[in-house]
Amino acid sequence: AQSVTQLDSQVPVFEEAPVELRCNYSSSVSVYLFWYVQYPNQGLQLLLKYLSGSTLVESINGFEAEFNKSQTSFHLRKPSVHISDTAEYFCAVSQTINTGFQKLVFGTGTRLLVSP
Amino acid sequence: DAGVIQSPRHEVTEMGQEVTLRCKPISGHDYLFWYRQTMMRGLELLIYFNNNVPIDDSGMPEDRFSAKMPNASFSTLKIQPSEPRDSAVYFCASSYDRNTEAFFGQGTRLTVV
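Scoring rules and cut-offs
Residues numbered from 1 in each chain as written. Chains lettered and ligands numbered in written order. Predicted model: local features only at pLDDT ≥ 70, side-chain atom pairs only at ≥ 80, totals over all residues. Heavy atoms only, no water. Helix = DSSP H or I, 4+ residues; strand = E, 2+ residues; numbered from the N terminus. Rg over C-alpha atoms; globule rule 2.2 N^0.38 Å. Buried < 20%, exposed > 50% of the residue type's maximum accessible area, 1.4 Å probe, protein only. Contact = heavy atoms within 4.5 Å. Areas by Shrake-Rupley, 256 points an atom, 1.4 Å probe, with all protein chains shown as cover. Disulfide = S-S within 2.5 Å. Buried area = accessible area lost by both parts, 1.4 Å probe. Salt bridge = Lys/Arg side-chain N within 4 Å of Asp/Glu carboxyl O. Polar contact = N/O pair within 3.5 Å; in protein donor to acceptor, adjacent residues only side chain to side chain. Nonpolar A, V, L, I, M, F, W, Y, C, P; charged D, E, K, R; others polar.

## A closer look at the overall build of chain B
In step 1: On a plain count of helices and strands, chain B comes out with zero helices and 11 strands.
In step 2: When the helices and strands of chain B are listed from N to C terminus, the series reads β-β-β-β-β-β-β-β-β-β-β.
In step 3: For 113 residues, the compact-globule estimate of 2.2 N^0.38 gives 13 Å, and chain B sits close to it at 13 Å.
In step 4: Principal-axis analysis of the C-alpha atoms places the extent of chain B at approximately 35 × 25 × 25 Å.
In step 5: Classification of the 113 residues of chain B by burial places 49% in the buried group.
In step 6: Taking the intrachain contacts of chain B between residues at least 6 apart in sequence as the baseline, contacts between residues at least 24 apart amount to 53%.
In step 7: Accessible area for chain B stands at about 5,500 Å²; split by element, carbon and sulfur atoms hold 49% of it.

Written out as structure tokens, the structure reads:
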């Protein structure tokens, strides 16, 4: 079964500093990878995804993630964070179950805390 | 589209009572998922449907939990009888197909006292 590891439960950072949120997954086959963001008292929103093609994917608000097959990683980065980026971030990988369908397996989440 | 709509947003109930959570997926989405989020266990997939048919319910914790999808625009998650350990935020999500992202509702915060 697929698993997703987010090593950092919480990442404090100052505004305008760069940040990297780490994500590793367990798989030796093709995968689809996602980052979701959850703001307080809200549902999860898709931030970006990797399905195929370029290994570097970007979101509209300045985040990017790079799919690294050899390291089975999909780390999320932003060169300069804003206060409004404070949220919980979830990495997810699709898992093909024996019926041929896919389901998302989520990591435990990383809370990004941006302070002035 | 208004997105995935869940009701109620908050539910407080006494132990032993029946609880029904409701979800309206995005129109045209063939997949519907129910997740539970707790501090201890994070996000867990409980069950998901494809074209109103339950595909994988291996995440349903026990027989007290049941889910139905009588039509393409409505699903329920029922807990009977409810217990304090069921307290969590329950999310419903839908997706267009199995390879695309899931769109989440705002969640229902359930508190069982």
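## Description of the environment of B:Ser27
Residues and elements named next belong to chain B.
In step 1: Relative to the helices and strands, Ser27 is located in the loop between strand 3 (19-24) and strand 4 (31-38).
In step 2: On the basis of relative accessibility, which here comes to 60%, the residue Ser27 falls in the exposed class.
In step 3: As a C-alpha pair, Ser27 and Val4 span 23 residues in sequence and 8.9 Å in three-dimensional space.

## Re the state of the cysteines
All names here are of chain A.
In step 1: A complete count under the given rule lists two disulfides over all chains for this structure.
In step 2: The partner cysteine of Cys23 in its disulfide is Cys91, sulfur to sulfur 1.9 Å. Between Cys23 and Cys91, the disulfide has an S-S torsion of -65° and is therefore left-handed. Here Cys91 lies in strand 10 (residues 87-96) and Cys23 lies in the loop between strand 3 (19-21) and strand 4 (24-25), a separation of 68 residues in the sequence. Across this residue pair, the class does not change: Cys23 and Cys91 are buried.

## Quick look at the interface of chain A and chain B
In step 1: Counting from both sides, the interface comprises 20 residues of chain A and, opposite them, 21 residues of chain B.
In step 2: Counting the surface lost from both chain A and chain B, the interface buries some 1,800 Å², and carbon and sulfur atoms represent 54% of this.
In step 3: In this assembly, chain A and chain B are joined by one salt bridge.
In step 4: Here A:Lys49 ties to B:Glu101 by a salt bridge, and the two come within 2.7 Å at their closest N and O atoms.
In step 5: Taken together, the links from chain A to chain B amount to four residue pairs in polar contact (both at pLDDT 80 or more).
In step 6: Top contributing element to the side of chain A that touches chain B by residue count: strand 11 (residues 102-106) of chain A, with four residues.
In step 7: Partitioning the side of chain A that touches chain B into residue classes produces 11 nonpolar, seven polar and two charged.

## Overview of the pattern of salt bridges
In step 1: Overall, the coordinates contain 14 salt bridges over all chains when judged by the stated rule.
In step 2: Here A:Asp8 ties to A:Arg22 by a salt bridge, and the two come within 2.9 Å at their closest N and O atoms. Taken together, the residues A:Asp8 in the loop between strand 1 (4-5) and strand 2 (10-14) and A:Arg22 in the loop between strand 3 and strand 4 connect sequence positions 14 residues apart.
In step 3: Linking B:Glu83 and B:Arg64 is a salt bridge whose minimum nitrogen-to-oxygen distance equals 3.5 Å. In this pair, B:Glu83 sits in the loop between strand 8 (74-79) and strand 9 (88-95) while B:Arg64 sits in the loop between strand 6 (53-56) and strand 7 (65-71), placing the two residues 19 residues apart along the sequence.
In step 4: Judged by relative accessible area, B:Glu83 falls into the partly exposed class, the value being 23%.
In step 5: One salt-bridge network, in which partners are shared between bridges, spans B:Glu62, B:Arg64, B:Glu83, B:Arg85 and B:Asp86.

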